[in-house]
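Survey of secondary and tertiary structure
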Amino acid sequence: MSQRPAAGRVTSAKIVIAGGFGVGKTTLVGSVSEITPLTTEAIMTSAGVGVDDNRQVPGKMTTTVAMDFGRISIDRDLILYLFGTPGQTRFWFMWDELVRGAIGAVVMVDTRRLADCFAAIDFFEHRRLPYLVAINCFDGMQYHNPQDVRDALAISSDVPVVSCDARNRESTKNVLISLVEYVLTMRRTRAVAPA
Ligand SMILES: Nc1nc2c(ncn2[C@@H]2O[C@H](COP(=O)(O)OP(=O)(O)OP(=O)(O)O)[C@@H](O)[C@H]2O)c(=O)[nH]1
Ligand SMILES: [Mg+2]
């Protein structure tokens, strides 16, 4: 992604939406995408008992088995292509392919199951891919200050931690704008993984 697109030139960039099982990744891609998102949802049936762990998200009927794909124009010059990862650990072998060429990642967090995002954070830190943490504010969930979440995750002070509602387009669009701004800041100040 160029830092300053020439006038009239459209720049596109790839963003990964990651996080633990049932944290709202598919919901986010669906709410913010301006095209009908491509989803790969599989129904969790009784055949998956003991394999699909939906105890923590009781109302959830489907799970992503490959990826979500969506697109959003941030302004006339910048189009983001969104790739949502599968959350279940048995599908994580696909993450290496999914992040190829991405400029940054959103790690979604449900503060009731904070530890579920550790693997995603480790993954992006290991690859030196800029990421931000987006707290998905599920209904009825106790509000947590982003600074408290940052402390609990023991992440660097420069990693943005923001709150959002994965179902709300304006909210999720702001998450993506925060990520793009962070990526640009990182590129100005230090070397990051090449896009
Ligand atoms: N109340 C509330 N429910 C939400 C929110 N985000 C997602 N949900 C619900 O929570 C469940 C999880 O949503 P998904 O978007 O499928 O989660 P996911 O992270 O894509 O799940 P996997 O791909 O299976 O890991 C669904 O039942 C959503 O309807 C939210 O912000 N508030
Ligand atoms: Mg999903």
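Parameters and conventions
- Numbering of residues starts from 1 in every chain and runs along the sequence as written.
- Working convention: letters from A go to chains and numbers from 1 go to ligands, in the order in which they are written.
- Only residues with pLDDT of at least 70 get local features here, since the model is predicted, and only at 80 or more are side-chain atom pairs given and counted; chain-wide, interface and lining totals rely on the full set of residues.
- No hydrogens and no water enter the side-chain calculation; it runs on all heavy atoms of the structure.
- UniProt positions are given in the numbering used here, feature names are shortened, and annotations may be inferred rather than shown by experiment.
- Metal donors were taken as nitrogen, oxygen and sulfur atoms no farther than 2.8 Å from the ion, or 3.2 Å where the ion is Na, K or Ca. Water is excluded, so coordination may look unfinished.
- Segments assigned H or I by DSSP are reported as helices when at least four residues long, segments assigned E as strands when at least two residues long, and all are numbered from the N terminus.
- Partly exposed describes any residue whose relative accessible area lies between the buried limit of under 20% and the exposed limit of over 50%, with all areas from a 1.4 Å probe on protein chains only and scaled to the type maximum.
- Only the six-membered ring of Trp is used, alongside the rings of Phe and Tyr, when aromatic pairs are assigned; centres must lie within 6.5 Å, and planes under 30 degrees apart are stacked while those over 60 apart are edge-to-face, with the rest tilted.
- Counting as a charge over the ring demands two things of the Lys NZ or Arg CZ atom: a distance within 6 Å of the ring centre and an angle within 35 degrees of the ring normal.
- This arc describes the spread of directions from the helix axis toward the C-beta atoms.
- Pairs of N or O atoms within 3.5 Å make up the polar contacts considered here, provided that, within protein, one atom can donate a hydrogen while the other can accept it, and that residues adjacent in sequence are counted only when both atoms are side-chain atoms.
- At least two DSSP bridges between two strands are needed for those strands to be called paired.
- Axis lines are fitted to C-alpha atoms, over the contacting stretch for helices. Their N-to-C directions set the angle, which ranges from 0 to 180 degrees.

The name given to the protein chain in an unreviewed UniProt entry is ATP-binding protein, with the source organism recorded as Actinoplanes awajinensis subsp. mycoplanecinus. Regarding the protein chain, the UniProt comment filed under Sequence similarities (unreviewed entry) reads as follows: "Belongs to the GPN-loop GTPase family."

With respect to the coordination of the magnesium ion (ligand 2)
Taken together, the protein donors to the magnesium ion (ligand 2) comprise Thr26 (OG1) and Thr64 (OG1), at separations of 2.0 Å. Of this pair, Thr26 sits in helix α1 (residues 25-32) while Thr64 sits in strand β3 (residues 62-64), and the two are 38 residues apart along the sequence. For Thr26, a relative accessible area of 23% corresponds to the partly exposed category.

Some words on the packing of aromatic side chains
Per the counting criterion, the structure on display carries 7 aromatic pairs. An angle of 10 degrees between the planes, with centres 6.0 Å apart, marks the rings of Phe69 and Tyr81 as stacked. Taken together, the residues Phe69 in strand β4 (residues 68-75) and Tyr81 in strand β5 (residues 78-84) connect sequence positions 12 residues apart. By relative accessible area, which is 21% here, Phe69 ends up partly exposed. Since its relative accessible area comes to 28%, Tyr81 is described here as partly exposed. Between Trp95 and Phe124, the aromatic rings sit 6.2 Å apart at their centres with planes inclined by 25 degrees, giving stacked as the arrangement. On the criterion of sequence distance, the pair formed by Trp95 in helix α2 (residues 95-99) and Phe124 in helix α3 (residues 118-127) is long-range, its members being 29 residues apart. Accessibility classification places Trp95 together with Phe124 in one group, the buried group. An aromatic cluster is defined as three or more aromatic residues linked by ring pairs; in this entry it consists of Trp92, Trp95, Phe123, Phe124 and Tyr131. Directly above the ring of Phe83 sits Lys14, whose terminal nitrogen or CZ lies 4.5 Å from the centroid. Lying across the ring of Phe123, Arg127 places its NZ or CZ 3.6 Å from the centre.

So, helix α4 (residues 146-153)
If you check which residues of α4 are buried, you get Pro146, Val149, Arg150 and Leu153. Take α4 and look down its axis: the buried residues cluster within an arc of 100 degrees, on one side only. Measuring from the backbone nitrogen of Gln147 back to the side-chain oxygen at the start of α4 gives 2.7 Å, which picks out Asn145 as the cap. Positive phi shows up at Ala154, right after α4, with a value of about 55 degrees.

Observations concerning the sheet that holds strand β1 (residues 11-19)
Read across the open sheet, the 6 strands follow the order β4-β5-β1-β6-β7-β8; overall the sheet is mixed. Each having just a single partner strand, β4 and β8 (161-164) make up the two edges of the open sheet. Each strand of the sheet is rotated relative to its neighbour by a mean of 30 degrees, with strand direction disregarded. Pairing of strand β7 (residues 131-136) with β8, which is carried by 4 bridges, proceeds in the parallel orientation. Among the inter-strand pairings, Ile135 is bridged to a residue of β8, identified as Ser163.

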